[in-house]
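Residue strings, one per chain:
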Amino acid sequence: MRPEQDILDDIAMLEARYSDVHLTMRHLRRFWQGHMWSDEEQMTRSMVSVFRDLRHGDGSDREPDVKMTLPLIEATVSKFMALLVNPPQISMSRPPIGYAGLRKEETCAELADQNEKFLYGLHARGNVRRHFSRQSWYLPLMGSCFSAVHPDFKDKTVRFVTASPEFAYPVWDAYRENLQAVGFKYEVPVDVAVRQWGPEVRQLAARANRSPWSIARRTPSAQTITVIEWYDDQVKQTLVAGHQVQGVDHNLGYCPWEQTRFYDVPDEDFGKGVIEGNVPLFQKLNMLDSLELQAIIENVFARLVIIDPAMAPEDIDNSAGGVIPVGKGGDVKWIAPPSTTTDLSNSMARGIDFSQKGTHLPPAIYGEGVASSITTGKAQHEATLPTGNIIEYVQGNIADTWESLNEKAIDMTTTIFANRKVVFFGKQFKNQGWAGAIEKPEPFRLELQKGSDLKGWSEHELTFQPLLSMHEKVVMNLQLAGAGLVSKRYQRDAIGIADNDAMQEEIFAEQRFEIQVSALVAQAQAGALTFDQLESAFVALEKGGTPSSPVAPGGVPTAPTPPPGMMTPPGALPPGNQPPDPNAPLAPGTPNPTPDIANAGDMANAGLPPVAAGQPSVPATGEFSLQGAIGDFSRIKKLKGQVWLLGEIVQRGSTDGPVEVGTELPIDKATINQGLPDEYHGKLKFVKMPDGPNEPAVEVGPDHTDGTVTGGGVIPHPDEMAATGAAPVNPTFQDQAALPSFQPPLATNFPAGGFQGTVRS
């Protein structure tokens with residue numbers, strides 16, 4: 001521990017060095033609050049004051065009679081706050097093979113992912129957005145702020161702290177590169193200090209108030225006490241009224257604080273913001289606005305001058321319609337000041353233009369000049385380019401600070417909480433840049449058995465997202481989808497649709513409804529349905545039922561005649577023709593119109609090569625084929641339980657995603673994600689199956705490459721499920737296939753009686 005007097009001596013020396021800087025920062029705070037007219041006499045000479053020179057230039061009072069305050073400083077700071085408040089994305093680098101005894105690339109990737117989740121979870125628990133909001137207020141106004149990492153022994157983790165530069169006393173090395181130590185000196189109410197550091201603080205406050213330098217008449221509610229905090233690479237000490245009330249030897253070897261700057265000015269101990277250099281301009285605009293209002297008032301209410309005041313009465317009636325008696329020889333006249341409103345307005349417009357250039361906030365930032373219907377995106381980009389450049393520059397300074405803070409957070413957790421268990425929740429971004437700006441982060445739960453599991457690895461990069469509105473995100477998603485770069489599942493996730501599968505089923509149900517309605521309309525146009533039959537069939541569909549198909553005399557269902565120019569669907573016959581006898585032998589070389597996909601003889605009759613029982617008959621045309629997936633899964637090692645492929649990839653032999661995977665043990669999910677190629681990432685749907693599959697499935701893994709279907713037979717074609725020799729209750733898919741938009745492969749997995757429940761059921 002350092003002696004108390006040494007700390008007090010260091011703070012006194014630093015206070016003399018930084019007194020003018022701190023005073024300027026306090027005035028900037030008051031200017032933000034609107035006290036532009038009241039603080040100019042106390043301002044330091046580092047800040048030029050138009051008011052001070054105007055009021056005291058020759059000893060006369062020349063300030064306007066009307067004092068207006070334009071909230072220009074508040075507007076400028078608030079715009080920068082909106083642009084700087086969002087925390088960045090975290091991208092943790094993989095440690096090299098051999099780091100901390102790691103010998104495999106997979107374990108290195110797992111460590112990087114774990115530590116990235118740790119930082120995301122730490123930021124979520126510490127509400128980093130609140131700290132970014134605070135620093136985005138300090139930076140444009142005062143040019144600097146200080147942030148630190150503190151151990152939190154209650155929650156067994158670390159937390160972040162943000163402090164104002166108004167009370168900070170940094171100690172830099174000779175090159176002003178590394179912060180060797182920092183002190184803070186500020187005033188707090190006595191009752192707050194008592195709750196923070198114990199009841200002995202009250203005695204220190206009473207002793208300080210009895211000193212000859214104290215304010216003896218201060219009321220108890222207004223009593224404050226001086227607090228000094230000192231941090232360096234070895235200790236952290238807190239002094240109240242000059243006496244130590246808290247101290248710890250952390251021996252970390254570094255100061256836990258970092259300084260963030262708006263403008264990084266070389267050879268300066270503090271940064272500079274955009275407000276300080278524009279204070280005289282803001283004062284000028286306040287003065288001109290006050291003079292303009294005063295000129296307007298004087299032109300509206302002109303001054304009355306009485307000639308020979310001795311002849312004027314004692315009381316003058318200035319009310320509307322009032323009569324002023326003037327004695328003999330006296331007279332009155334109105335004196336109107338010259339109209340200078342136009343000149344003042346032009347001067348104010350010029351001043352606002354200069355203020356926008358000085359603060360890098362063009363009119364487009366305030367919504368001006370971009371509302372035209374012919375304004376192009378390029379024009380808007382050029383209008384906001386100066387602001388975007390300065391924001392990227394400041395974000396680079398912020399990223400440097402928070403990368404250092406994150407590294408210190410990992411080091412503290414590894415050192416101080418080496419054997420403490422901690423659980424984090426958060427949301428992790430998988431992509432960077434524009435892709436990260438439109439994606440939906442993935443929630444996670446991270447459980448660290450001990451802090452040493454981090455292994456001290458902290459090499460990472462912070463990337464700020466481009467600022468996009470929801471409209472811009474939706475438009476970008478549509479453009480990316482049009483170019484074939486993203487999937488529909490990715491688009492739904494980006495706009496916040498939580499259940500992708502439910503949305504797909506809802507869309508398919510609507511498409512099926514439209515197909516059935518179109519089929520009924522086609523039958524009505526062909527004369528197979530009366531208007532009453534069409535209406536009842538539509539009502540049945542609307543209620544979720546299935547309409548009956550019209551039956552011709554003789555018990556044979558009629559098939560509607562397709563409209564002119566429409567292709568006749570497979571199996572549909574013109575009216576009046578009888579269907580062929582299904583038991584009649586086929587002519588040599590004639591293919592079977594409805595082959596049984598599970599019967600090798602029927603496949604031969606259809607002119608197709610025979611397939612093994614249980615194999616899909618549809619060729620693999622999707623992004624993921626069944627045989628390709630079987631080969632990819634066979635290369636995954638260390639699976640703990642059984643794994644199956646399910647759903648569309650098994651039924652059709654291919655799929656565009658998602659690939660449904662059934663797992664006996666949930667632990668295999670991470671192994672599968674890491675073992676498959678990148679094209680599978682984000683397109684896997686896992687299903688827990690502790691008792692094995694209850695639907696058609698293909699077991700996959702290192703020892704399973706035959707592709708045998710288990711867990712149930714392939715769903716038969718709807719025509720195979722129709723009863724023979726009687727009229728079907730429901731319309732066949734051949735009727736629905738009469739529509740131009742009908743896609744036969746889509747219906748091969750549906751029962752003839754219609755689709756009920758989920759796709760899998």
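Every residue gets a number counted from 1 within its own chain, in the order that chain's sequence is written. Given that this is a predicted model, residues contribute local features only at a pLDDT of at least 70 and side-chain atom pairs are listed and counted only at 80 or more, while totals for whole chains, interfaces and linings are drawn from all residues. Side-chain measures here rest on the full set of heavy atoms in the structure, leaving out hydrogens and waters.

The subject of this paragraph is the packing of aromatic side chains. The pairing test for Phe, Tyr and Trp rings, Trp by its six-membered ring, is centres within 6.5 Å, and the orientation test on the planes gives stacked under 30 degrees, edge-to-face over 60, and tilted for anything in between. A full pass over the atoms with the stated rule returns 21 aromatic pairs. On the numbers, 5.0 Å between centres and 65° between planes, the contact of Tyr 99 with Trp 457 is edge-to-face. With Tyr 99 in the loop between β1 (89-92) and α4 (105-125) and Trp 457 in the loop between β13 (442-448) and β14 (460-463), the pair connects residues that are 358 residues apart, well separated along the chain. A simple rule labels every residue: compare its accessible area, found with a 1.4 Å probe on the protein chains alone, to the largest value its type can have, and call it buried under 20%, exposed over 50%, or partly exposed in between. Tyr 99 sits in the partly exposed class, given a relative accessible area of 23%. Ring geometry for Phe 146 and Phe 184: centres 6.1 Å apart, planes at 90°, overall edge-to-face. Of the two residues, Phe 146 is situated in strand β2 (residues 144-152) and Phe 184 in strand β5 (residues 179-189); the sequence distance between them amounts to 38 residues. Residues Phe 146 and Phe 184 agree in their burial class; the two are buried. In this structure an aromatic cluster arises from ring pairing among Tyr 18, Phe 146, Phe 184, Tyr 231, Trp 257 and Phe 270. Helix and strand assignments come from DSSP, with helices taken as H or I runs of at least 4 residues and strands as E runs of at least 2, each series counted from the N terminus.

By this definition, two strands are paired if DSSP reports at least two bridges between them. Reading across from one edge, β3-β2-β9 is the order of the 3 strands in this open sheet, with antiparallel pairing throughout. The open sheet has two edge strands, β3 (157-163) and β9 (257-261), and neither has a second partner. Neighbour-to-neighbour, the strand axes of the sheet open up by a mean angle of 25°, direction not taken into account. Bridge count between β2 and β3: 7 bridges; the pairing is antiparallel. Here, axes are lines fitted to C-alpha atoms. For helices the fit covers the stretch in contact, and angles between N-to-C directions go from 0 to 180 degrees.

Our next topic: the pattern of salt bridges. Pairs can form between side chains of opposite charge once their charged atoms are near each other. We count a salt bridge whenever a side-chain nitrogen from Lys or Arg sits within 4 Å of a carboxyl oxygen from Asp or Glu. On inspection of all chains with the given rule, the structure shows 17 salt bridges. A salt bridge links Asp 10 to Arg 2; the nearest nitrogen and oxygen atoms lie 2.7 Å apart. The class of Arg 2 is partly exposed, set by a relative accessible area of 23%. When the shortest N-O distance is used, the salt bridge between Glu 447 and Arg 445 registers 3.2 Å. One connected set of salt bridges, linked through shared partners, spans Lys 421, Arg 445 and Glu 447.

With that settled, the discussion passes to the environment of Glu 660. Secondary-structure assignment places Glu 660 in strand β18 (residues 659-663). Taking the relative accessible area as the measure of exposure, Glu 660 reaches 15% and is therefore buried. Along the sequence, Glu 660 and Gly 647 sit 13 residues apart, while their C-alpha atoms lie 6.1 Å from each other.

Following the sequence through the fold, Asn 406 ends up in helix α10 (residues 377-416). What makes Asn 406 buried here is its relative accessible area of 0%. By definition in these notes, contact holds between two residues if any of their heavy atoms fall within 4.5 Å. With sequence-adjacent residues up to four places away left out, Asn 406 is seen in contact with Leu 119, His 123, Phe 160, His 460 and Leu 462.

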